[in-house]
Amino acid sequence: MSLNHTTAKDRVFDGVNIAILLGFAALTILPFLYVLAASFATESEIAARPFFLWPENPTLETYRYIFSTDTFVRSLLVTIGVTVVGTVVQIVMTLLMAYPLSDPNLVGRGLIMRLVLFAMLFSGGMIPLFLVIKQLGLLDSYWALILPLAINPFNLIVIRTFFQQLPGELREAAEIDGANEFTTFWRIMLPLSKPVIATFSLFYAVGLWNDFMSPLLYISDSSKWTLQMFVRQVTISTDPSTTIGNLDPNYVPPAEGLKFAVIVIATLPIMCIYPFLQKHFAKGVMIGSVKG
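In this report, the structure presented in the accompanying data block is examined. Bear in mind the structure is a predicted one, so any value in this text is a computation, not a measurement. (Residues numbered from 1 in each chain as written. Predicted model: local features only at pLDDT ≥ 70, side-chain atom pairs only at ≥ 80, totals over all residues. Heavy atoms only, no water.)

Along the backbone of the protein there are 14 helices and 0 strands. Across the 292 residues of the protein, 37% fall into the buried class. Residue pairs in contact within the protein that sit at least 24 positions apart in sequence constitute 70% of those at least 6 positions apart. When the accessible surface of the protein is split by element, carbon and sulfur atoms take 68% of a total near 17300 Å². (Helix = DSSP H or I, 4+ residues; strand = E, 2+ residues; numbered from the N terminus. Buried < 20%, exposed > 50% of the residue type's maximum accessible area, 1.4 Å probe, protein only. Contact = heavy atoms within 4.5 Å. Areas by Shrake-Rupley, 256 points an atom, 1.4 Å probe, with all protein chains shown as cover.)

In structure tokens, the structure reads:
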């Protein structure tokens, strides 16, 4: 009997599964397609049509208006800067902690890992963290958006496990050749760690890009708002132009269109970056999670 032979029941089962998955996919993507379409629609069309996937009279006026305002451009540049610098700081600090903890001969390794696990399971809470940030003088500072989450315990554990899976002979050979620990880490371990670096850099970047709670708590100066804070203020405001600013007093911007447009702008950059790192994604996650 051929292994490729399928019965009518198998085909029905596959068809039902495909239909269900397509239904879930539609539920996931249709709201985003609506937001994208509405961002190009006129205000009257948004009010008249409760749902559509293609605007009748597409227009770029909303996007032109947004990109012409200093408030939006500044928040976008702030978010890009915080995301880039924060991702570099976080992945470097995580790697520098994960690599020593992968050495079975490290003194106090077990205690440190227990503390890391404790930090992953329990948190001091919002108020103690705010008080720490305040005492360190980081309020209204971009470092308040980066340093509190500089090392994610879960990411640290997975990356440490990845280093543990690398052949121990690599370290021994490097030691015989006279290389110190930093040289071994820089010249040997890092080139072999591209999949996990790409994967967890994406994790950190997405977290920083989408974070609005930290700016909400630690940034009171509106000139230092990130894009997510800007999006929040626009979407909750009854008159978004008061948040964005209006360069032309005779021009009345579309309130609903502004909300849809800023959501699209805040979402697209991460969606554009993801395909370039997708080939490393599954490998980077699985390679460090097989062994405990």
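A grouping of Val73, Leu77, Ile80, Val84, Val85, Val88, Val92, Leu96, Trp143 and Leu147 is seen on the molecular surface, where their side chains present a nonpolar patch of about 820 Å² in accessible area. Note that Val73 resides in helix H4 (residues 70-101). (Patch = residues over 30% accessible without salt bridge, like charges linked within 9 Å, V, L, I, M, F, W, Y side chains within 5 Å. Salt bridge = Lys/Arg side-chain N within 4 Å of Asp/Glu carboxyl O.)

So, about the packing of aromatic side chains. Counted by the stated rule, this structure contains 14 aromatic pairs. Relative to Phe51, the ring of Tyr34 lies with its centre 5.4 Å away and its plane at 25 degrees, an arrangement referred to as stacked. Remark: Phe51 occurs in the loop between helix H2 (43-48) and helix H3 (61-67) and Tyr34 occurs in helix H1 (residues 8-39); sequence separation between them is 17 residues. Judged by relative accessible area, Phe51 falls into the partly exposed class, the value being 45%. (Phe/Tyr/Trp six-rings, centres within 6.5 Å; stacked < 30°, edge-to-face > 60°.)

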